[in-house]
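Below are the chains, spelled out letter by letter.
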Amino acid sequence: DFIPEIIKTELDATLFDFEIKYTTSKGHGFLIGKEAIEKKIDIVCAVGGDGTVHDVATSLIGSEVILAILPAGSGNGLARHMHIPLDLRKAVRCINSNYVIQMDTGRINNLAFLGIGGFGFDALIAKRFDEDTKRGFWMYVKHVLKEFFRFHPINFTIDTNGEVRNITALLCTIANTSEYGNGFIISPKSDPTDGKLEMVLLKPFSFWRIPFVANNYFKGKMQRPALSEVISFKSATIEMNTSLGHYDGEPSVVPNRVTIEVVPKSLYILIPKKI
């Protein structure tokens, strides 16, 4: 396995001792994280994609243990937002710099997420991708094109800061960081250190607009106001006629009413040193 070899070669042995543990199933990373807290380990490094990072990191929220990431998944949304190198050798060297910040996390009905959660079309794509045996960017594209025609927009009743709105949308994304992964930037202004979350609502649109909408997201541009709305908030309640959600790309069944809140400065994370 080449990743342990990279770690042995690149990690600064004068700064760190390390032990490699392999996850055997979903949820195992969470248990490894909890064990690290009990043993007072300084840093737990998640090696994998957003699902693995989610598993490990949600166990560390509220603790003194620091999260590090070696991005080895298909999307790597959190790593990309934090400018953690996708080159694994460079990512290990980033750990050597030992530069740590505190980031906010999100909570949807007491279930934690790090970067992106949501309801609607993105949750359906997360479910289809999770069910697929193949991985990679083009699998996302395949599922988007396949599901777009048969997806029915969802009615959302949103209460943010006491203001109640009814909106019909394809998706309601809750963003702490900017992107799903693969450079697909859903919320360009999201900052996981500002004590707020963004709610991104994408309204129904014609199939022929898909290339233009996708182009804006990949370029990190805001969509036109007629097509999309972004609401910054600290806490919100959403009622909706769907039971499908996702947390950091991990599909989940959700109740028809959810409460969402930001948890400020709740996770220590190791990122590249700012110049």
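Structure shown above.
K.L.:
What should I look at first to understand the nonpolar core in this one?
P.N.:
Among the nonpolar cores identified, the biggest contains 42 residues, and Phe119, Phe156, Ile174, Met199, Leu201, Ile238 and Ile260 are the most heavily contacted of them. Element by element, the count of residues in this core is highest for strand β11 (residues 197–202), at 5 residues. Non-local contacts of leucine 201, meaning those with residues more than four positions away in its chain, are made with Phe156, Ile158, Ile167, Ala169, Leu171, Cys172, Leu227, Ser228, Glu229 and Ile231. Of all hydrophobic cores here, the second largest spans 34 residues; its members include Val44, Leu88, Ile95 and Ile269.

K.L.:
Honestly, the pattern of salt bridges in this entry has me stumped. Any pointers?
P.N.:
Oppositely charged side chains can pair when the atoms bearing their charge come close. According to the stated counting rule, one finds 12 salt bridges in the structure shown. For the salt bridge of glutamate 35 with lysine 21, the shortest nitrogen-to-oxygen distance reads 3.7 Å. Here glutamate 35, found in helix α2 (residues 28–38), pairs with lysine 21, found in the loop between α1 (2–10) and α2; they are 14 residues apart in sequence, far enough to count as distant. The partly exposed category is assigned to glutamate 35, whose relative accessible area is 28%. Between glutamate 147 and arginine 150 there is a salt bridge; the shortest N-O distance is 3.1 Å. Glutamate 147 sits in the buried class, given a relative accessible area of 4%.

Basis of the calculations
- Residues numbered from 1 in each chain as written.
- Predicted model: local features only at pLDDT ≥ 70, side-chain atom pairs only at ≥ 80, totals over all residues.
- Heavy atoms only, no water.
- Core = buried A, V, L, I, M, F, W, Y, C linked by side-chain atoms within 4.5 Å.
- Buried < 20%, exposed > 50% of the residue type's maximum accessible area, 1.4 Å probe, protein only.
- Helix = DSSP H or I, 4+ residues; strand = E, 2+ residues; numbered from the N terminus.
- Contact = heavy atoms within 4.5 Å.
- Salt bridge = Lys/Arg side-chain N within 4 Å of Asp/Glu carboxyl O.

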